[in-house]
Amino acid sequence: MDWNYPLISGPRSLDRIMGEDSEREEKQPESMVVNDDHSLGYDVAAEKRLIRKTDLLMMPGLALAYFTHTLDRANLGNAKTNGIEKDLGLVNNQFSLLLVLFYIPYALFNVPWSILAKKYNSARVIPFAILGWGACSMGAAATKNFAGIMSTRIVMGAVEAAYKPCEVYYLSLFYTRKEMAFRVSWIGQMGFIAGAVSGLISWSVFRWEGSLRGWQYLFIIEGSITVVVAVYLYIFAPRSPEKSRWYSNEDVKLARLRLEQDSQDQDKTFHWQDAKKQLKHWPTWAYAFMALMYGVGVASSSNFLPTMIRRLTKDTPTANLYTIGPNLTASVFQLLTCWLSDRYQQRALFACGTTCISLLAWILLGTLDLVHLPQAGYFLTYLITFATFIPSNIVPAWLASNTHTTTGRAVALGMNYMAMNLAGIISSLTYRDEDAPVYRPALVTCGCTQGVFIVTALLTRHYYATLNKKLDSGELSHAPGMEARSGYRYAV
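Because the structure is a prediction, the values reported are computed rather than measured.

Visitor: Hey, could you run me through the pattern of salt bridges in this one?
Guide: Think of it this way: side chains of opposite charge can pair up when their charged atoms draw near. This structure, assessed with the given rule, holds twelve salt bridges. We note a salt bridge from Arg183 to Asp55, for which the minimum N-O separation is 2.9 Å. With Arg183 in helix H9 (residues 180-205) and Asp55 in helix H2 (residues 44-80), the pair connects residues that are 128 residues apart, well separated along the chain. Arg183 gets classed as buried once you look at its relative accessible area, which sits at 13%.

See the structure below:
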């Protein structure tokens, strides 16, 4: 918790609000030569205490942030089951167009937000973005036509683009490479809880008899929750160990040492040269392509799970209630899988293994006769929900682990999430009204893209494994850019 940051007492420019943290950031010590073991002799017990303290300061706020991120982004899928299309006069494929128009800025603004996070600190950028998408969600409740709902979704896409790249970059400034995947998944599982909560809220408010439609109550309630979370994060999110009252001098020294051992670069300045170099590095584009492939399934599950379940029941409130089970189950499986990924330091194998399950489930959902087998169809939604999202947590942690400059990390993460969000456009365009209620082309598309992801991830893993073998044999004296750390090895 940072009590040293002054409260806003009057109108101030964005640059002044955000820039203060950058100006006050303490200069980091010069990079030092370290080994991968604890050769510098710090106390393991002290390290565990520091990690627990950082978890308590960081994780609750970021988890709440992602909870609202998913809540507001996916509520349109719930609203569809309550007749929002009829109420706003949407015709033909205008609902799918709304999703497309959301995903365009949602993809294009990832890199700019990443640069802002690098320049001004994620603890400043994230709360402003959250406030923006909460306002958009509440504003959507007042819309009367396609133009109105379209405007709110476009702006929401632009501000929601900030969260995931800023979140992973923010975590990389506090945690080592071996600690990242579980933390990303711990935050990511809040998306499933949000899906379950949204289903529960929808089931309740869609039964209300008031002056507003059920979907309007849904948007207002979820948007209000988001605004409260934005205020909480602005006040309590730690900017850095140096500027948080909860870190002692010993904690600050240990935090710096841990990150020095894990990565040479803890530079707080954005360097365009590092950004250009990262964009010329082919794995940056390989990770982005992977995100494009697994992103189709992620977007399809987020936006169309209520629609797919409604195929299995005629009752709209029940369809939203049925989304709770798959989401809560996915939350548990995601935490377990990403913990195992951290435990065994295997990124590609866990991501690909779970994707094989979701690939099969997507294809079966699109090909089986579920009118007469609704129980089988509902079971498949469990498999889809828990397995589809695993790569979206593991791959960004894998990417961050193998990018040793903070500027390069910010840019690469922005590219990764931009590609993942562009996949939402593909997903939205494949769910066409004329394919209802089965949406077979869309479901088969999800399965095929996940197959391509598996191949790409395994090839990338082979590349890094080969480099590690050359480093172990002495054929390479050090990893490129890691001259001061001959013991550095790539995550696979």
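Visitor: What is the right way to look at the packing of helix H4 (residues 94-108) against helix H7 (residues 146-160) in this model?
Guide: Any two packed helices are characterised by how steeply their axes cross, that is the angle between the axes, and by the distance between the axes. Where H4 contacts H7, the two axes come as close as 7 Å, and the packing angle between them is 30°. Taken as axis vectors, H4 and H7 run roughly parallel relative to one another. Considering only the axes of H4 and H7, their crossing is right-handed. Counted together, Gln94, Leu97, Leu98, Leu101, Phe102, Pro105 and Tyr106 of H4 and Phe146, Ile149, Met150, Arg153, Ile154, Met156, Gly157, Ala158 and Glu160 of H7 form the full contact between these two elements. Its residues placed into classes, the contact of H4 with H7 shows twelve nonpolar, two polar and two charged.

Visitor: Honestly, the environment of Gly408 in this entry has me stumped. Any pointers?
Guide: Take Gly408: it is sitting in helix H19 (residues 406-430). On a C-alpha basis, the gap between Gly408 and Gln273 in space is 9.3 Å, while along the polypeptide they are 135 residues apart. Discounting chain neighbours no more than four positions away, the residues touching Gly408 are Gln278 and Thr403.

Visitor: Even after reading the chapter, I still don't get unusual backbone geometry, so can you show me in this structure?
Guide: With glycine set apart, most residues show a phi of negative sign, and most peptide bonds adopt trans. The backbone phi angle of Asn92 is positive, close to 50°, even though this residue is not glycine. Tracing the chain through its elements places Asn92 in the loop between helix H3 (84-87) and H4. In this structure Asn92 comes out as exposed when scored by relative accessible area, which is 66%. One non-glycine residue, Gln345, adopts positive backbone phi at about 50°. Structurally, the position occupied by Gln345 is in the loop between helix H15 (324-344) and helix H16 (348-367). On the basis of relative accessible area, Gln345 is assigned to the partly exposed category, the value being 25%.

Visitor: For this particular structure, what's the right way to read the packing of aromatic side chains?
Guide: Geometry of an aromatic ring pair is reported as the spacing of the ring centres plus the angle between the planes. What the rule picks out here adds up to 23 aromatic pairs. Measuring from centroid to centroid gives 5.1 Å for Tyr378 and Tyr382, while their planes differ by 85°, and the two rings are edge-to-face. Here Tyr378 and its partner Tyr382 are both found in helix H17 (residues 374-388), four residues apart, which amounts to about one turn of the helix. Each residue in the set Trp282, Tyr287, Trp398, Tyr463, Tyr464, Tyr488 and Tyr490 is aromatic and connected to the rest through ring pairs, giving one cluster. The aromatic ring of Tyr66 is capped on one face by Lys164, whose charged end is 4.6 Å from the ring centroid.

Visitor: Even after reading the chapter, I still don't get a nonpolar patch on the surface, so can you show me in this structure?
Guide: Together, Ile104, Leu108 and Phe109 make up a nonpolar patch on the protein surface, roughly 260 Å² of accessible area in all. Along the chain, Leu108 falls in helix H4. Owing to a relative accessible area of 51%, Leu108 belongs among the exposed residues under this scheme.

Visitor: What is the right way to read the nonpolar core from this model?
Guide: Grouped burial of nonpolar side chains is what soluble globular proteins tend to show. Counting 89 residues, the largest nonpolar core has Leu171 and Phe453 as the members making the most contacts within it. Look past the residues within four positions of Leu171 in its chain and what remains in contact with it is Met58, Met59, Leu62, Met180, Arg183, Val184 and Ile187.

Visitor: I'm lost on the side chain of Ser301 in this one. Help?
Guide: Topologically, Ser301 is positioned in helix H13 (residues 282-310). Classification of Ser301 by relative accessible area gives buried; the value is 4%. Not counting residues up to four positions away in its chain, the partners in contact with Ser301 are Trp362, Ile384, Thr385 and Phe389.

Cut-offs applied
Residues numbered from 1 in each chain as written. Predicted model: local features only at pLDDT ≥ 70, side-chain atom pairs only at ≥ 80, totals over all residues. Heavy atoms only, no water. Salt bridge = Lys/Arg side-chain N within 4 Å of Asp/Glu carboxyl O. Helix = DSSP H or I, 4+ residues; strand = E, 2+ residues; numbered from the N terminus. Buried < 20%, exposed > 50% of the residue type's maximum accessible area, 1.4 Å probe, protein only. Axes fitted to C-alpha atoms, helices over the stretch in contact; angles between N-to-C directions. Parallel < 35°, antiparallel > 145°, perpendicular 65-115°, else oblique. Left-handed = near helix turned anticlockwise from the far one by under 90°. Contact = heavy atoms within 4.5 Å. Nonpolar A, V, L, I, M, F, W, Y, C, P; charged D, E, K, R; others polar. Phe/Tyr/Trp six-rings, centres within 6.5 Å; stacked < 30°, edge-to-face > 60°. Lys NZ or Arg CZ within 6 Å of the ring centre and 35° of its normal. Patch = residues over 30% accessible without salt bridge, like charges linked within 9 Å, V, L, I, M, F, W, Y side chains within 5 Å. Areas by Shrake-Rupley, 256 points an atom, 1.4 Å probe, with all protein chains shown as cover. Core = buried A, V, L, I, M, F, W, Y, C linked by side-chain atoms within 4.5 Å.

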